[in-house]
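Listed below, chain by chain, are the residues.
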Amino acid sequence: MPVFESPELVELFRTYTASPDSLAAHFNAASAGDSADDPLIVASGTDIALYPGQGQAPIVEGIRTGTRGFKELAGLSHLGPAVASIMHMAELDPDGHWRADADLLIAACQVARQANSIELWRDQIAVPAYRGREEQIARLADYSCRVTERYLESALDDPEYLVPETLRSDYLEGPSGLPLPVPFNRVMIATFFLAGMDIAHRIISWFDSLDLPWERTMVMMAGRAGKPTGAVTRETHSIAGIIDVASRGRLLEKNLLIAPHVAVFPSSDGTNLAEIAGFELQYRELWSGLTAMAELGPKMFADYPEFRPRPHGGVAIEPGLKSVSEMPKITAADDWFALTTRMRVVLEDPRQLLSSAVTDYASQQLISYDNDPTAVTVPGLDGEPYPALD
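Parameters at a glance
- Residues numbered from 1 in each chain as written.
- Predicted model: local features only at pLDDT ≥ 70, side-chain atom pairs only at ≥ 80, totals over all residues.
- Heavy atoms only, no water.
- Helix = DSSP H or I, 4+ residues; strand = E, 2+ residues; numbered from the N terminus.
- Patch = residues over 30% accessible without salt bridge, like charges linked within 9 Å, V, L, I, M, F, W, Y side chains within 5 Å.
- Areas by Shrake-Rupley, 256 points an atom, 1.4 Å probe, with all protein chains shown as cover.
- Salt bridge = Lys/Arg side-chain N within 4 Å of Asp/Glu carboxyl O.
- Pairing = 2+ DSSP bridges.
- Axes fitted to C-alpha atoms, helices over the stretch in contact; angles between N-to-C directions.
- Contact = heavy atoms within 4.5 Å.
- Core = buried A, V, L, I, M, F, W, Y, C linked by side-chain atoms within 4.5 Å.
- Buried < 20%, exposed > 50% of the residue type's maximum accessible area, 1.4 Å probe, protein only.

The residue after Gly174, namely Pro175, is reached through a cis peptide bond having omega -5°. With respect to the helices and strands, Pro175 occurs in the loop between helix H8 (164-172) and helix H9 (184-210). The phi dihedral of Gln54 is positive, around 60°, even though this residue is not glycine. As for its placement among the helices and strands, Gln54 is situated in the loop between strand E2 (47-51) and strand E3 (59-62).

So, in structure tokens, the structure goes:
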């Protein structure tokens, strides 16, 4: 039986909010007109578009999957969760697909090792933010694959070896009876930090060159970023954090919005700027309508408590703490308890992206050192005893 709707009352609903010519549509358009000349930044999962205002064409900067070195480092970063996934599959089904997957990962590591070299990182991948660290990165890559191969080969020889205790002692953390000069937890921290440092370095440099009036700049994170449940809050969206840091604290908190369900402009290919420009009006109306709606609060409810977002930034933690509800604060580049706790957080909190574990810390360190990557300490890489390449 169809649901009955009163045409007259439904029309009342449409009058305010559910038609292109509704009161809400007019409200959004009027609000957008009031800020039409202000800069608008829209970040997708792969690009940042700046709509300067005053009818100027957008300017686009790539940030993630289309950039050099990101996938290569992600392949190393994800070895830890990959090995743990194989262990978990073996627990669920000892006679299942885990052996074939272990063989596949071993083979991929061997191929990656053969391709890895100092020259690969220095002359071909050639990320400016990694300049001067190419040999250490190549050592890390070789070591990452070798220690992964060793652990999985031992597990294939003796499935009873493939348990959480040996995963932690002989691979992730130590101490181990096997040679483990660098626990794999530090490898993951280093690779996530390097990826975040590169992204942050480029974004900070780009924004510095634009010299934006941050106090009146509008910012929106558009669409999906990473996994379907990821980056849906300001605290879990690494690019939002980098943009905030790049403003040196001048970006108003209320001016940054997360819009995971909004249509996303196409990734820039160098020829589609007009298509990206076509999204500007809807972004301005959406941002302006949402922020103007918030301005109705004090007008309508002046005698009631106002909304204020929870302060963010994390708190310092020490061993012995049983749980955290947010990313803990990193107090130094060798704060391994906080750094490793963050690795657990990004696995257990479905809003987090794995690569976001240390991006905020990397961007904050860059700001502290005038955006100079060579002056920043990369935890898990700098000073670690990775074996020399054969």
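What follows continues from the structure just given.
A cluster of nonpolar side chains, namely Tyr16, Leu23 and Met293, defines an oily patch on the protein surface of about 290 Å² accessible area. Along the chain, the position of Leu23 falls in helix H2 (residues 23-34).

Our next topic: the sheet that holds strand E5 (residues 256-259). Strand order in the open sheet made by the five strands is E3-E2-E1-E4-E5, with mixed pairing throughout. Strands with a single pairing partner mark the edges of an open sheet, and in this sheet they are E3 and E5. Strand-to-strand twist across the sheet, computed as the mean angle between neighbouring axes with direction ignored, equals 15°. In the sheet, strand E1 (residues 40-43) pairs with E2 via four bridges, with the strands oriented antiparallel. From the neighbouring strand, Ile41 faces E2, where its bridge partner is Leu50. H9 contacts E1, E2 and E3 of the sheet and is inclined by roughly 160° relative to E3.

Within the largest apolar cluster, 84 residues are counted, with the highest numbers of intra-cluster contacts made by Ile41, Ile48, Tyr171, Met197, Phe207, Ile239 and Ile243. Ranked by residue count, the leading element in this core is H9, at 16 residues. Apart from the residues within four sequence positions on either side, Tyr171 is in contact with Leu79, Gly80, Val83, Val147, Thr148, Tyr151, Thr166, Leu180, Pro183 and Phe184. Within the second largest apolar cluster, 15 residues are counted, among which are Tyr51, Met218, Ala259 and Phe265.

A few words on the side chain of Thr191. The topology assignment puts Thr191 in helix H9. Contact partners of Thr191, with chain neighbours within four places excluded, come to Leu73, Leu76, Ser77 and Leu140.

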